[in-house]
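Understanding the architecture of this molecule
Okay, here's what each chain looks like letter by letter:
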Amino acid sequence: MRPSSSSGLGTEARHETSSIYKLSTSKVITGLVIFRLINATLVKTYFSPDEYWQALEVGHNITFGYGYLTWEWLVGLRSVLHPAVFAALYKGLSLFGLDDGSLFIYAPRLLQALFAALGDFYAYRFADRLFENQLTANWTLFLTVASWWNFFCSTRTLANSLEASLTIVALYYWPFMGSSSAKSKGNLKLSLFIASLTCIFRPTAAILWLFLGGSLILGLVYQGRWASIIYTGLNVAVIGGGAIVASAVLDKTLLYNEWVWTPINFLRVNVFEGISLFYGSSPWHWYLSQGLPILFGIYIPLVLIGSYHTFQASTGFNTNLKRQILYLSLWVVLIYSALEHKEWRFLYPILYPLLPFAADTMQRLFLSSTDWKRSKSRVAVVIALLVVNGVMALYTTLVHQRGVVDVMDWVRETSREAPSQGQDLSFAFIMPCHSTPWYSNVHLRDAKPLSMWFITCSPPLGGVDPTTYKDESDIFYEDPVAFMDNLFKNRSSTTNPKESHLVFFEDLINTTPDMRVWLDSQGYHECARFFNSHFHDDSRRRGDVLVYCTL
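Only a predicted model underlies this, so the values are computations on that prediction, with no experimental measurement involved. (Residues numbered from 1 in each chain as written. Predicted model: local features only at pLDDT ≥ 70, side-chain atom pairs only at ≥ 80, totals over all residues. Heavy atoms only, no water.)

1. Let's talk about the domain arrangement of the protein chain
Basically, it comes down to this: Start and end points for every domain follow an automatic or database-based domain assignment. Throughout, a residue-residue contact means that at least one pair of heavy atoms, one from each residue, lies within 4.5 Å. By definition, the buried area sums, over both parts, the 1.4 Å-probe accessible area that each loses when the two are put together. Should a side-chain nitrogen of Lys or Arg be within 4 Å of a carboxyl oxygen of Asp or Glu, the pair is scored as a salt bridge. Pairs of N or O atoms within 3.5 Å make up the polar contacts considered here, provided that, within protein, one atom can donate a hydrogen while the other can accept it, and that residues adjacent in sequence are counted only when both atoms are side-chain atoms. Each helix is a run of DSSP H or I of at least 4 residues and each strand a run of E of at least 2, with the numbering of both proceeding from the N terminus. Only Asp, Glu, Lys and Arg are considered charged, only Ala, Val, Leu, Ile, Met, Phe, Trp, Tyr, Cys and Pro nonpolar, and every remaining residue, Gly among them, polar.
Looking at the assigned domains, one finds that the protein chain contains domain 1 (25–399) and domain 2 (402–550). The distance between the C-alpha centroids of domain 1 and domain 2 comes to 34 Å. With 30 residues of domain 1 at the contact, the number on the domain 2 side is 31 residues. With both sides pooled, the region where domain 1 packs onto domain 2 buries about 2,800 Å², and carbon together with sulfur makes up 62% of that total. Broken down residue by residue, the surface that domain 1 buries against domain 2 is led by Trp53, Tyr66 and Phe278, which jointly contribute 21%. For the pair domain 1 and domain 2, the interface holds two salt bridges. We note a salt bridge from aspartate 100 to arginine 416, for which the minimum N-O separation is 3.2 Å. Between the two partners, domain 1 and domain 2, sit 13 residue pairs in polar contact (both at pLDDT 80 or more). Within the residue set of the side of domain 1 that touches domain 2, elements represented by two or more residues are helix 3 (50–64), helix 5 (81–95), helix 6 (101–131) and helix 18 (376–398). In terms of residues, the side of domain 1 that touches domain 2 owes the most to one element, helix 3, which gives six residues. Residues of the side of domain 1 that touches domain 2, tallied by class, amount to 19 nonpolar, seven polar and four charged.

Printed below as a string of structure tokens:
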């Protein structure tokens, strides 16, 4: 009779698969790095403003002294640690005279590709620790590489992407209670250090680590290991506290010029004052009905089946450890579901630890046949995984919302040529706020900052009534023509009365015919057009990206 085990393999079989199917570590790492570097160069689209406005733009400001700082940085809401990574990269490029052209634009994403490869590798290692089954680990490697979400998001310069990669590394080293193997003892100090970094990048990462820390302490209390409890508490205080202080020093030195405790400000503004709701709210079930299906895609049934086998096993290898991972993931989903402001990327950290359960389903599927290559149904499953993920990955990275990135490339190259043609260029982005990258994508070596402005959307701060508050985007879209007329009329005679270029979405002139008339009356004509998307959930962002100019 086969042992009751969520992996479906006994100890002898596990050792056999480990020796037969073990992959070369150096080849795995090399392959992952090459794959993610290629992945990074293929990302031509826009996903979330934060990959630019909360990372690259701040890093550009630190290094070059200019770059737009959104309201979060004006009230001390975020730590500078994440942007500092790119600031250091920019500084290095500048010192070697490489802060110009395509390399400067791609360099941050290529750097993030290394962290993405790290996440892939530790997902593979974590699967081996969790199941101690090389086949399951190999399938995990396949699933993380084939994942459309990883291809779409892992190389983007979002704090969430770095958080996800570091989280799976920290989980690999975490000293879980109740594991069945010496391989699962972990390294508390290293795990705590990495976990503290994720909490500095994203304060909400503490949700995951509070669960793990609480579980660890409760387990130690149950076993009566009081010395271990004291040891754990001291490590948390020293490592976590040290990370917070070091982050505060970095914040003061690089950006704020005063002592700022960003985690406290983050909680106060986003949670207690509810400012995050200004940027949207979703029903409690949103992560279940949209978030997880988007994140995992076609892997959803595989994860569910693997989870079912784990809960069905009354005994088995590392069953308790596997259940802890599932309870952890459930905890994260439940807590995030209780928060009204929701985004797909917030759940990214649980993707990597859940992939081994999907991989377990795959190894079970192929374990039932010794000649699986000839099994049409099994091959069909693999082909379906590759095709569905491939189509979604390529469409979202090469097609959907690429115009807002392409237009900034055009702005950069147009401004490069302007001095030789005796032109003085200026750009107004009359579209929803943060629709495009900013100075980090138009940077030119030894050139003065380009004259640009955009329609803002700062939230109601300082006790302003949110029910009656209107940001600049609201005012603009109520009457675009009146907004632009007032803007031009209110300018002093000593300034240029109008920009040389206006950038906006096609929907603006399709839904506001008077805007087309106004553009003609001001001497603007279409000088560039960029495809952006076939569809968009925000009607204001539909259609091509248009550039109108007076030159």
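Right, picking up where we left off after that structure.
2. A closer look at the sheet that holds strand 5 (residues 545–549)
Hydrogen bonds between backbone groups are what pair the strands of a sheet, and the pairing can be parallel or antiparallel. For clarity, the threshold we go by: Note on pairing: two strands pair once DSSP finds at least 2 bridges between them. Axes here refer to lines fitted to C-alpha atoms; in helices the fit is confined to the stretch in contact. Angles between the N-to-C directions go from 0 to 180 degrees.
Spatially, the five strands line up as an open sheet ordered 2-1-3-5-4, and their pairing is mixed. Edge positions in the open sheet fall to strand 2 (451–454) and strand 4 (525–530), since each of these has one partner strand only. Adjacent strand axes in the sheet meet at a mean angle of 20° when their direction is disregarded. Across five bridges, the pairing between strand 3 (residues 501–505) and strand 5 is antiparallel. Among the inter-strand pairings, histidine 501 is bridged to a residue of strand 5, identified as cysteine 549.

3. Comments concerning the state of the cysteines
Definition in use: Here, the term disulfide refers to a pair of cysteine sulfur atoms separated by no more than 2.5 Å. Only protein chains enter the accessibility calculation, which uses a 1.4 Å probe; a residue is then buried when its area is under 20% of its type maximum, exposed when over 50%, and partly exposed in between.
Applying the stated rule across the entire model yields one disulfide. Unpaired in this structure, cysteine 153 has its nearest cysteine sulfur neighbour in cysteine 199, at a distance of 19 Å. Take cysteine 153: its relative accessible area is 0%, and that puts it in the buried class. The exposure class of cysteine 199 is partly exposed, given its relative accessible area of 23%.

4. Section: unusual backbone geometry
In this structure, glutamate 132 takes a positive phi of about 45° despite not being glycine. Examined against the element boundaries, glutamate 132 turns out to sit in the loop between helix 6 and helix 7 (134–146). A residue is classified by how much of its surface remains accessible, and glutamate 132, at 12% relative accessible area, is buried. Positive phi values are uncommon outside glycine, yet asparagine 257 reaches one of about 60°. Here asparagine 257 is to be found in the loop between helix 12 (226–256) and helix 13 (262–272).

5. Digging into the pairing of strand 2
A regular strand places its side chains so that they alternate between the two faces of the sheet. Because side chains alternate across strand 2, one face comprises the buried residues Met452 and Phe454, and the other comprises Ser451 and Trp453, none of which is buried. Pairing between strand 1 (residues 426–429) and strand 2: four bridges, direction parallel. Across the sheet, the residue bridging to phenylalanine 429 is phenylalanine 454, located in strand 2.

6. Quick notes on the UniProt feature "transmembrane region" (unreviewed entry) in the protein chain
Using the following cut-off: UniProt positions are given in the numbering used here, feature names are shortened, and annotations may be inferred rather than shown by experiment.
As recorded in UniProt, the sites labelled "transmembrane region" (unreviewed entry) are residues 135–152, 158–178, 190–222, 228–250, 291–311 and 379–398. Here residues 135–152 runs as 94% helix and 0% strand, with 26 Å between its end C-alpha atoms. As annotated, residues 190–222 has a helix share of 88% and a strand share of 0%, and its two end C-alpha atoms lie 24 Å apart.

7. Concerning the nonpolar core
Quick note on the threshold: Nonpolar cores were defined as sets of buried Ala, Val, Leu, Ile, Met, Phe, Trp, Tyr and Cys residues, with membership established by side-chain atoms within 4.5 Å.
Ranked by size, the top nonpolar core spans 82 residues in total, and within it Trp149 and Leu347 carry the most contacts. When sequence neighbours within four positions are dropped, the list of residues in contact with tryptophan 149 reads Phe47, Ser154, Ile294, Leu295, Trp344, Arg345, Tyr348 and Leu351. Grouped together as the second largest cluster of nonpolar side chains are 36 residues, Trp53, Leu425, Met452 and Val545 included.

8. Let's talk about the environment of asparagine 510
Mapped onto the fold, asparagine 510 is located in helix 23 (residues 507–511). Looking at asparagine 510, the relative accessible area reads 48%, which means it is partly exposed.

9. A few points about the pattern of salt bridges
Enumeration over the complete set of coordinates arrives at 21 salt bridges. The residue glutamate 343 makes a salt bridge to arginine 345 at a minimum N-O spacing of 2.8 Å. With a relative accessible area of 23%, glutamate 343 lands in the partly exposed category. For arginine 345, a relative accessible area of 3% gives the class buried. A cluster of three or more residues bridged by salt bridges with shared partners is formed by Asp100, Asp409, Arg412, Glu413 and Arg416.

10. A word on the packing of helix 7 against helix 17 (residues 351–367)
So the rule is basically this: Crossings are assigned a handedness: left-handed for a near helix turned anticlockwise from the far helix by less than a right angle, right-handed for a clockwise turn.
In the contact formed by helix 7 and helix 17, the axes pass within 8 Å of each other and the chain directions differ by 120°. In this structure, the crossing between helix 7 and helix 17 has a hand that is right-handed. Across from Leu135, Thr136, Trp139, Thr140, Leu143 and Thr144 in helix 7, the residues of helix 17 making contact are Tyr352, Leu355, Pro356, Ala358, Ala359, Asp360, Met362, Gln363 and Phe366. Partitioned by chemical class, the residues of the contact of helix 7 with helix 17 number ten nonpolar, four polar and one charged.

11. Side note on the packing of aromatic side chains
Each aromatic ring pair is described using two quantities: the centre-to-centre distance and the angle formed by the ring planes. Note the threshold: Stacked, edge-to-face and tilted are the three classes for Phe, Tyr and Trp ring pairs, Trp counted by its six-membered ring, which pair at centre distances within 6.5 Å; planes under 30 degrees apart are stacked, over 60 edge-to-face, the rest tilted.
Across all of its chains, the model carries 43 aromatic pairs by this definition. Residues tryptophan 149 and phenylalanine 152 carry aromatic rings whose centres are separated by 5.8 Å and whose planes lie at 65° to one another, so their mutual orientation is edge-to-face. Placement of the pair is tryptophan 149 and phenylalanine 152 together in helix 8 (residues 148–153), with a separation of three residues, close to one helical turn. By the burial criterion, tryptophan 149 is buried, and phenylalanine 152 matches it.

12. Notes on a nonpolar patch on the surface
So the rule is basically this: Exposure above 30% relative accessible area and the absence of a salt bridge qualify a residue for a patch, where like charges join within 9 Å and nonpolar side chains (Val, Leu, Ile, Met, Phe, Trp, Tyr) within 5 Å. For the accessible areas, the method is Shrake-Rupley and the probe is 1.4 Å, while residue cover comes only from the protein chains on display.
On the surface, a cluster of nonpolar side chains totalling about 590 Å² of accessible area is made up of Ile244, Val245, Val249, Trp259, Trp261 and Ile264. Sort the elements by how many residues they give to the nonpolar patch and helix 12 lands first, with three residues. By the secondary structure assignment, valine 245 is in helix 12. We classify valine 245 as partly exposed; its relative accessible area is 45%.

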